[in-house]
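Notes for the structure review
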Amino acid sequence: MQFRDLKKQYEVLKEDIDKAMLDVAASSAYISGPQVKELEKELAEYVGVKHCISCANGTDALTLALMAWGVKPGDAVFVPDFTFFSSAEVVSFEGATPVFVDVDADTFNMDPEDLERKIEETIKAGILTPKAIITVDLFGLPANYPAIRAIADRHGLPILEDSAQGFGGAIEGQRDCSFGDIATTSFFPAKPLGCYGDGGACFTDNDEWAALMDSYRVHGKGTFKYDNVRIGMNSRLDTLQAAILQVKLKAFADYELVDVNKAAVEYTKRLDGVVETPVMPHGFYSSWAPYTIKLADKQQRDGLQAHLKEAGIPSMVYYPIPMHKETAYKDMNVKDSSCPVATHLCDVVLSLPMHPYITVEQIDEICKEVKKYLGK
Ligand SMILES: *Cc1c(COP(=O)(O)O)cnc(C)c1O
């Protein structure tokens, strides 16, 4: 069994993907081929924003956004404590300081109350200037945008939506990657919409930021390639990846997103009352990057993972270490009591195999093993 069965997906889409790849090979437009612009248009339309700026990966996408906003040393950027390292790394990369915000125990996403508290503490300390909020749509579920937007507005802070895992999610029909003033996603193969290597994109309705990110991704280009008006980076999406993504976006929109949601229902039907299953706030829709359950404690979680492994079922701990405890951030001396929920979640979460091609029989088998281990 695969945690995320990308081979199965390729088998299903093989004919179209092979043709798309061979077309690029024959065209020789390996960089900035027409597929890149086409894909950007398709992505912007799907998400419902004005601009999509593709780039080399999801980490660069976040960096491009922070560059467009001129985030610099002395700035504080508020980041959830329970996320992939990139969400905070990009802040430090600009010389600014990530301020870790605790998460909600049910949704795993940024806790609006703690966000407000951390902003006020930062203002009171008077050392750093609050500059932006990075929300993360963890495991495919949009963050609590109604609450977070109100706080952001109150403090005049823009929201950067890290939707590396959230593409396809929605709140009341409004799609993920449209909630932030700038939103970003990743096309790393295992993400909800993945390519065959690295890739990423930024989304925004703001013309000025879109133009800046477009410039920064190609060496700070001005009116043409050898007119360099600012210091930028080399962060383009390959034509080959764009062509593959065109095929995969169609499958994603046609049936994959629906199927992965059906799989989540099947999981929850079997595991409800056995373990803590994912909580879906009213009106929220997830793209189920993984399906993540909570166990009673670390011992039970680690025991279940070992038991599943024994039974040939892969599972993952997303994430074993809260951001504030990562070695790279240990000098900040953030106490566990500053983010108690994130610290606890790292001990009890377990992500189970999840993808649009998982079968009910496979879900059955996984859930049987979970129940067997827990004696239920
Ligand atoms: C994967 C991921 C990223 C980084 O994306 P890459 O394409 O691997 O650079 C950033 N944030 C989150 C939450 C992620 O899961």
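Our subject is the structure that appears above.
Reference entry: report on the structure contained in this document. (Residues numbered from 1 in each chain as written. Predicted model: local features only at pLDDT ≥ 70, side-chain atom pairs only at ≥ 80, totals over all residues. Heavy atoms only, no water.)

1. Here's the deal with the nonpolar core
Where a protein is soluble and globular, its nonpolar side chains tend to be buried together. By size, the foremost hydrophobic cluster in this structure holds 89 residues, and its most contacted members are Phe-82, Phe-167, Phe-203 and Tyr-267. Considering each element in turn, this core owes the most residues, ten residues, to helix α8 (residues 239-271). Setting aside its immediate chain neighbours within four residues, Phe-203 contacts Leu-43, Ala-44, Val-47, Val-49, His-51, Cys-52, Phe-167, Cys-177, Asp-181, Ile-182, Ala-183 and Thr-185. Counting residues in each nonpolar core, the second largest holds 19 residues, with Leu-115, Ile-148, Ile-151 and Ile-159 among its members. (Core = buried A, V, L, I, M, F, W, Y, C linked by side-chain atoms within 4.5 Å. Buried < 20%, exposed > 50% of the residue type's maximum accessible area, 1.4 Å probe, protein only. Helix = DSSP H or I, 4+ residues; strand = E, 2+ residues; numbered from the N terminus. Contact = heavy atoms within 4.5 Å.)

2. Some points on the pattern of salt bridges
Tallying each qualifying case throughout the model produces 23 salt bridges. One salt bridge in this structure joins Lys-50 and Asp-207, with 2.8 Å as the shortest N-O distance. Linking Lys-50 in the loop between α2 (34-47) and β1 (51-55) with Asp-207 in helix α7 (residues 207-216), this pair joins segments that are 157 residues apart in sequence. We classify Lys-50 as exposed; its relative accessible area is 51%. With a closest N to O distance of 2.7 Å, Arg-217 and Asp-214 form a salt bridge. For Arg-217, a relative accessible area of 8% puts it in the buried group. Assessed through its relative accessible area of 24%, Asp-214 is described here as partly exposed. One continuous salt-bridge network, built from bridges that share partners, spans Lys-37, Glu-40, Asp-214, Arg-217 and Lys-221. (Salt bridge = Lys/Arg side-chain N within 4 Å of Asp/Glu carboxyl O.)

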